[in-house]
Amino acid sequence: MDVVDECRTVAGPLPGDPKLRVDLMRRFAVVMFLVGGAASASGFVITAETDDARTTQAIAAAVFVACGLILLVIRTRRWMILTSIVISIANVGGLIAGSEPLGIAPMGYLWPIAFTAFFFPRRIVIVMCALSTASLSVALALNDHHDLKLDSFVGSTASVWVVAGLMVSMNRREDRLRAELELSADTDPLTTLLNRRGFAPQVDRMIALERANDEVLSFVMFDLDQFKQFNDEHGHLVGDDALRRLAGILRRQSGRTDAICRFGGEEFAVAMPGATVRQALAYAQRVATGLHREGEPHWHLTISAGISVLAPDDTVTSLTSRADTALYAAKNAGRDRAAWYHGVMEVAPPFCAASGD
């Protein structure tokens, strides 16, 4: 199964909550079955020419209505909806086998196939199309009154597979567009790091997990020192290059489970699950050293950092606020250093002095 098919089993064109997804599927299926029952009942009055054909139409109508009512009144599961689709395919086959004249009965396969293609992954669509093809071939073989069997088989089978293919293709394209939109909505376009919209939910989950496991979490705010002056001197294109380079340094120095964000302008934030304040301070030192070594010689860029550590009642907002307060303490102490709040505010020596550069 590829990524898009996997996504369709989880989301597809449906609401995110599994119960809401199944409920939407149920409502569509109920409407489809009740309308199918009405269409079959109209054939009983209008189309059927023999008593056997009218009996076939009546049975098909009863099966469709029964499926619709069952789905309407009972608590529905996904497998029940799939089972009802299989029943509908078999029911259309029975309708074709007993119809005289055949009329548009083979087009009845399009309804369950379109439904399946819209709500289910590709592998299930293929199975349902194959079942429809098998059902149609058996039904036409059993119908003694229809002469153009090959024409009906080819036309109906082609219609079923083409409609299924078109719907699957459109849904896959929709899935890709949705994934791209979600990614772009959560990503900073300049650095390709998370933006605040994508960062906050991740930190929320980290906080809940670390709290449940009684683990620590450190939160680091970075700010490029005097970046406005840097932009004025070197231009905004060079400033953008500096931001991208810092983003690369943050990625390389961060752990696999860390979340990195361009918080806004020249500010960046990193959430570090499992990291103590000392580990966060060492991380900030590595980032500052990397910026010093990887930046252009004439840049003379430095960075300040503020660190906070997860407290029992912390939220993303309070954790960020304390890190921001520590960041300003580092700047007020002379920049190019880190400060952290862990009961009291502490400020470290300058990064360049600590690195020996």
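Before reading further, recall that the structure is shown in the block above.
In what follows, the accompanying structure is described. Nothing here was measured: the structure is a model prediction, and the numbers come from that model. (Residues numbered from 1 in each chain as written. Predicted model: local features only at pLDDT ≥ 70, side-chain atom pairs only at ≥ 80, totals over all residues. Heavy atoms only, no water.)

### Brief notes about the side chain of Ser-99
Argument step 1. Position of Ser-99 among the secondary structure elements: in the loop between helix H4 (78–98) and helix H5 (110–119).
Argument step 2. A distance of 2.4 Å separates a polar atom in the side chain of Ser-99 from the backbone oxygen of Leu-95. (Helix = DSSP H or I, 4+ residues; strand = E, 2+ residues; numbered from the N terminus. Polar contact = N/O pair within 3.5 Å; in protein donor to acceptor, adjacent residues only side chain to side chain.)

### A closer look at the nonpolar core
Argument step 1. Ranked by internal contacts, the top residues of the largest apolar core, which has 38 residues, are Phe-33, Ile-96, Tyr-109, Phe-115, Phe-120 and Met-128.
Argument step 2. Within the residue set of this core, elements represented by two or more residues are helix H2 (18–46), helix H3 (51–73), H4, H5, helix H6 (122–142) and helix H7 (149–186).
Argument step 3. What Tyr-109 contacts, discounting residues up to four positions off in sequence, is Ile-89, Val-92, Gly-93, Ile-96, Ser-132, Ser-135, Leu-136 and Val-160.
Argument step 4. Counting 35 residues, the second largest nonpolar core, distinct from the first, contains Ile-249, Trp-299, Ala-305 and Trp-340. (Core = buried A, V, L, I, M, F, W, Y, C linked by side-chain atoms within 4.5 Å. Buried < 20%, exposed > 50% of the residue type's maximum accessible area, 1.4 Å probe, protein only. Contact = heavy atoms within 4.5 Å.)

### What to know about the packing of H5 against H6
Argument step 1. For the pair H5 and H6, the least separation of the axes is 9 Å and the interaxial angle reads 170°. With respect to H6, the element H5 is oriented roughly antiparallel. On H6, the residues touching Ile-113, Thr-116 and Ala-117 of H5 are Ile-124, Val-125, Met-128, Cys-129 and Ser-132.
Argument step 2. Residues of the contact of H5 with H6, tallied by class, amount to 6 nonpolar, 2 polar and no charged. (Axes fitted to C-alpha atoms, helices over the stretch in contact; angles between N-to-C directions. Parallel < 35°, antiparallel > 145°, perpendicular 65-115°, else oblique. Nonpolar A, V, L, I, M, F, W, Y, C, P; charged D, E, K, R; others polar.)

### Some remarks on the environment of Leu-150
Argument step 1. Turning to its location among the elements, Leu-150 is positioned in helix H7.
Argument step 2. Residues Leu-150 and Leu-166, 16 residues apart in the sequence, show an inter-C-alpha distance of 24 Å.

### Points about the pattern of salt bridges
Argument step 1. The full count for this structure, using the stated rule, is 11 salt bridges.
Argument step 2. Here Arg-197 and Asp-186 are joined by a salt bridge, their closest N and O atoms 2.3 Å apart. Placement of the pair is Arg-197 in helix H8 (residues 196–212) and Asp-186 in helix H7, with a sequence separation of 11 residues.
Argument step 3. Across the salt bridge formed by Asp-223 and Lys-331, the nearest N and O atoms sit 2.8 Å from each other. Of this pair, Asp-223 sits in strand S1 (residues 217–224) while Lys-331 sits in helix H12 (residues 316–332), and the two are 108 residues apart along the sequence.
Argument step 4. By relative accessible area, which is 17% here, Lys-331 ends up buried.
Argument step 5. Within this structure, Asp-23, Arg-26 and Arg-27 form a network of salt bridges that share partners. (Salt bridge = Lys/Arg side-chain N within 4 Å of Asp/Glu carboxyl O.)

### Considering the packing of aromatic side chains
Argument step 1. Across all of its chains, the model carries 9 aromatic pairs by this definition.
Argument step 2. The interplanar angle of 15° and the centroid separation of 5.7 Å between the aromatic rings of Phe-227 and Phe-230 together place this pair among those described as stacked. With Phe-227 and Phe-230 both in helix H9 (residues 227–234) and 3 residues apart, the pair spans about one turn of that helix. Each of the two residues, Phe-227 as well as Phe-230, counts as buried.
Argument step 3. With 5.7 Å between their ring centres and 85° between their planes, Phe-230 and Trp-299 make a pair best called edge-to-face. You can see Phe-230 sitting in helix H9 and its partner Trp-299 sitting in the loop between helix H11 (277–294) and strand S4 (303–309), a full 69 residues away along the chain.
Argument step 4. Phe-230 gets classed as buried once you look at its relative accessible area, which sits at 5%.
Argument step 5. The ring of Phe-263 is capped by Arg-196, whose NZ or CZ atom sits 4.0 Å from the centre of that ring. (Phe/Tyr/Trp six-rings, centres within 6.5 Å; stacked < 30°, edge-to-face > 60°. Lys NZ or Arg CZ within 6 Å of the ring centre and 35° of its normal.)

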